[in-house]
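# Structural features, examined
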Amino acid sequence: MAASTTHCGWSILWFIVCAVFVMRVAYCADYFYNWNVKFDRNSSFPSLEQPVITINGMLPGPLINMSTNDVAYVNVFNYLDEPLLFTWNGLQQRLNSWEDGVSGTNCPIRPGANWTFVFQAKDQIGTFVYFPSLNFHKAAGGFGPIRINNRKVIAVPFPMPEAEHDLLIGDWYNQSYKTIRSSLSDKKNAYAGNPDVLLMNGKLPYGFVDDPETFNVTKGKTYRIRISNVGNALSFNFRIQGHKMVVVETEGSYTAQITVDSLDIHVGQSYSVLMTADRDKADYFIAATPKLVNSEEPGKLIALGVLHYENSSVPPSYPIPSGPDPFDINFSINQAKSIRWNMTAGAARPNPQGTFNVSHVTPNQTFVLHGSTAEIDGAPRYTVNNVSYHTPETPLKLADYFGNTSGVYQLDSYPVKSVNPVAELGVFVTTGIHKGWIELVFMNGLDVMDSWHLDGFGFYVVGFGDGGWMPSSRSTYNIDDPVVRSTVQVYPGKWTAVYAYLDNPGMWNLRSQHSKHSYLGQELYVRVYDADPNPAKERPPPENLLLCG
């Protein structure tokens, strides 16, 4: 449970940050959460074989609901039998990579112990999620929603909805995550095998359970639905039977508002849509089906819930609402290109989002990152530029703070514009220029969809293209109104280009959002360094810092 106060709990620096906002005094609130993280084998969950990671007995876990500048204190009690960390997917952790919750920045919370994460939702609004980041835990649950709301002094670029709903949809394995994890070293299994079912807010689809996920609405009212893909491998297409949706936000950005019948959402991504209950009083299907997969076999690869009109006695009617051909990549790419920034809307600040555009940006760095697979030391691995990330015992951020005297990593020892001559395991850490613009080009050498995410920053999504990227490909970029988001998809055999402004010092994780890919090495770290010890640039380590390695 969260409790808020109207003061800031962190020193004079926090007071200054909170005191000056839009030429007015803007308060900060402290939010306190106590999380008991346990395994649950309750028979209401999809598979008794798969132990479910719950938070306070819940899947999804508790909502973190904050506003810009607020501070969260999340005290995590680890009752699992393994070390545990949570990462805050999309929160930029402004000035504070110490709380990022990944293996390169935090020592894990040991079984039977607890640790408190402290972070500020600074200069952000939007829809995000959290999930456990270690040991393939995400495949067993532990995920939940995050809302970061506007301050009241900043207008939202659409009429306030009647209510908001959080809808977390993702794929799920019936086998225990430990079984799957151990099988990943098997050459025959590592690159194959789809999940068994799609869940909607932790529930099996309509027709398989007595209480499918249900949203109650009143005819004539408009609702905001915050949809997130919390899965491990599968992109999906989302739709609501008989209803249009207006896309209004994605991962911290208000979008140019477009009306859609269905929406592709890739692993790690989140959207807000507005839906008006403008149909006859009845029940309607809410559906999500996977991309690049035949969802008819098996039938459970459909997330299926119910939109229930007040006073309706009419159940939802088959057939389930159809979506685009799941193998139609062009539909998905064209829709992705239509997701653009609303250049006139304010977000965390009163000035328009478009004030922070990239139309005149010349990147200081370019990384061309090839995602692929390789066999290394007789075991299958996923790679970036032919390097598969090896996690050291000491977190990189901790090693960096103590001068890296034991040589935990060698900075810039692997190529960022070409492929390493030989596939190898390595602690892949590269330099990002502080307050410089970086161009990241993700090239997908896999035959499946991929997603990429950089902790601490937003991506300006400037381009999608076929085959190999070349410098001449920049002529196809959208630099006028590219949307800014935290996770971007990369289509099989294609490339995606983004810009990011590296104004946030720290050691930041750049990873595939697909659980298998990142677990087997498709990640690296970007070290954004500023020697100035001013805590307004990067905060010192927290007093409760965990030590390991």
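Anything mentioned here points back to the structure above.
Residues numbered from 1 in each chain as written. Predicted model: local features only at pLDDT ≥ 70, side-chain atom pairs only at ≥ 80, totals over all residues. Heavy atoms only, no water.

## So, the state of the cysteines
The following threshold applies: What counts as a disulfide here is a pair of cysteine sulfur atoms lying within 2.5 Å. Numbered from the N terminus, helices here are DSSP runs of H or I no shorter than four residues, and strands are runs of E no shorter than two.
Tallied over the full model, the rule gives one disulfide. Disulfide pairing places C107 opposite C548 at an S-S distance of 2.1 Å. The chirality of the disulfide connecting C107 with C548 is left-handed, given an S-S dihedral of about -90°. Of the two residues, C107 is situated in the loop between β6 (86–89) and β7 (114–120) and C548 in the segment after β33 (523–528); the sequence distance between them amounts to 441 residues.

## Side note on the environment of I55
Short version of the rule: Throughout, a contact is declared for two residues whenever any of their heavy atoms are within 4.5 Å.
Positionally, I55 belongs in strand β3 (residues 52–55). As a C-alpha pair, I55 and S451 span 396 residues in sequence and 26 Å in three-dimensional space. If near-sequence neighbours (up to four positions away) are discounted, I55 is found in contact with W35, N36, V37, G61, P62, F86, Y130 and G142.

## Topic: the packing of aromatic side chains
The condition is simple: Planes of paired rings set the category: under 30 degrees apart is stacked, over 60 is edge-to-face and the rest tilted, where pairs are Phe, Tyr or Trp rings (Trp by its six-membered ring) whose centres lie within 6.5 Å. Type-normalised accessible area, obtained with a 1.4 Å probe on protein chains alone, sets the label of each residue: buried when under 20%, exposed when over 50%, and partly exposed for intermediate values.
As enumerated under the stated definition, the model contains 30 aromatic pairs in all. Pairing W437 with Y460 gives two aromatic rings, centres 5.4 Å apart and planes at 65°, and the pair type is edge-to-face. On the criterion of sequence distance, the pair formed by W437 in strand β26 (residues 437–444) and Y460 in strand β28 (residues 459–466) is long-range, its members being 23 residues apart. Comparing W437 with Y460 shows no difference in burial state: the two are buried. Between F442 and W452, the ring centres sit 5.2 Å apart and the planes meet at 15°, which makes this aromatic pair stacked. With F442 in strand β26 and W452 in strand β27 (residues 450–454), this residue pair connects regions lying 10 residues apart in the sequence.

## Overview of the sheet that holds β6
Going by this rule: One requirement defines pairing of two strands: DSSP has to find at least two bridges between them. Only the stretch in contact is used when a helix axis is fitted, and all axes are lines through C-alpha atoms; the angle between N-to-C directions ranges over 0 to 180 degrees.
With respect to topology, four strands assemble into an open sheet ordered β4-β9-β8-β6, the strand pairing being mixed. Here the strands that pair on one side only, and so sit at the sheet edges, are β4 (64–67) and β6. Geometrically, the sheet is characterised by an average inter-axis angle of 20° between neighbouring strands, direction not taken into account. Judged from the four bridges that link them, β6 and strand β8 (residues 126–132) form a sheet pairing that is antiparallel. Within β8, the position partnered with F86 by the bridge is P132.

## With respect to the pairing of strand β11 (residues 197–200)
For a regular strand, the rule is simple: side chains alternate between the two faces of the sheet. The alternating pattern of β11 places V197 and L199 on one face and L198 and M200 on the opposite face, and all of these are buried. The pairing of strand β10 (residues 163–172) with β11 spans four bridges and is antiparallel. Paired with G170 across the bridge in β11 is L199.

## Some thoughts on the sheet that holds strand β19 (residues 283–290)
Across the sheet, which stays open at both edges, the five strands sit in the order β12-β20-β19-β14-β17 with mixed pairing between neighbours. Two strands lie at the open edges of the sheet, namely β12 (214–217) and β17 (263–265), each paired on one side alone. Mean inter-strand twist for the sheet, computed between neighbouring axes without regard to direction, equals 25°. Summarising the sheet, strand β14 (residues 236–240) and β19 pair through five bridges and their orientation is antiparallel. Bridge pairing in β19 places N237 opposite T289.

## Considering the nonpolar core
To be explicit about the condition: Definition used in this section: a nonpolar core is a set of buried Ala, Val, Leu, Ile, Met, Phe, Trp, Tyr and Cys residues joined via side-chain atoms within 4.5 Å.
Of all hydrophobic cores here, the largest spans 89 residues; its most connected members are F238, L440, F442 and L510. Here F442 is in contact with L369, W452, F459, V488, V490, K494, W495, T496, V498 and L510, once residues within four sequence places are set aside. Core analysis: the second largest hydrophobic core is formed by 38 residues, I55, Y130, Y177 and L446 among them.

## Overview of the pairing of β10
Within β10, eight of the 10 residues are buried, leaving the element largely enclosed by the surrounding structure. Where β10 and strand β13 (residues 222–229) come together, seven bridges link them in parallel fashion. Bridging from a neighbouring strand, A163 pairs with Y223 of β13.

## What to know about the pattern of salt bridges
Applied cut-off: Salt bridges are defined by distance alone: a side-chain nitrogen of Lys or Arg within 4 Å of a carboxyl oxygen of Asp or Glu.
Scanning all chains against the criterion turns up 20 salt bridges. The shortest N-O distance in the salt bridge between R349 and D123 comes to 4.0 Å. On the criterion of sequence distance, the pair formed by R349 in the loop between α3 (329–338) and β21 (365–376) and D123 in the loop between β7 and β8 is long-range, its members being 226 residues apart. Looking at R349, the relative accessible area reads 30%, which means it is partly exposed. Residue classification places D123 among the partly exposed residues on the basis of a relative accessible area of 25%.

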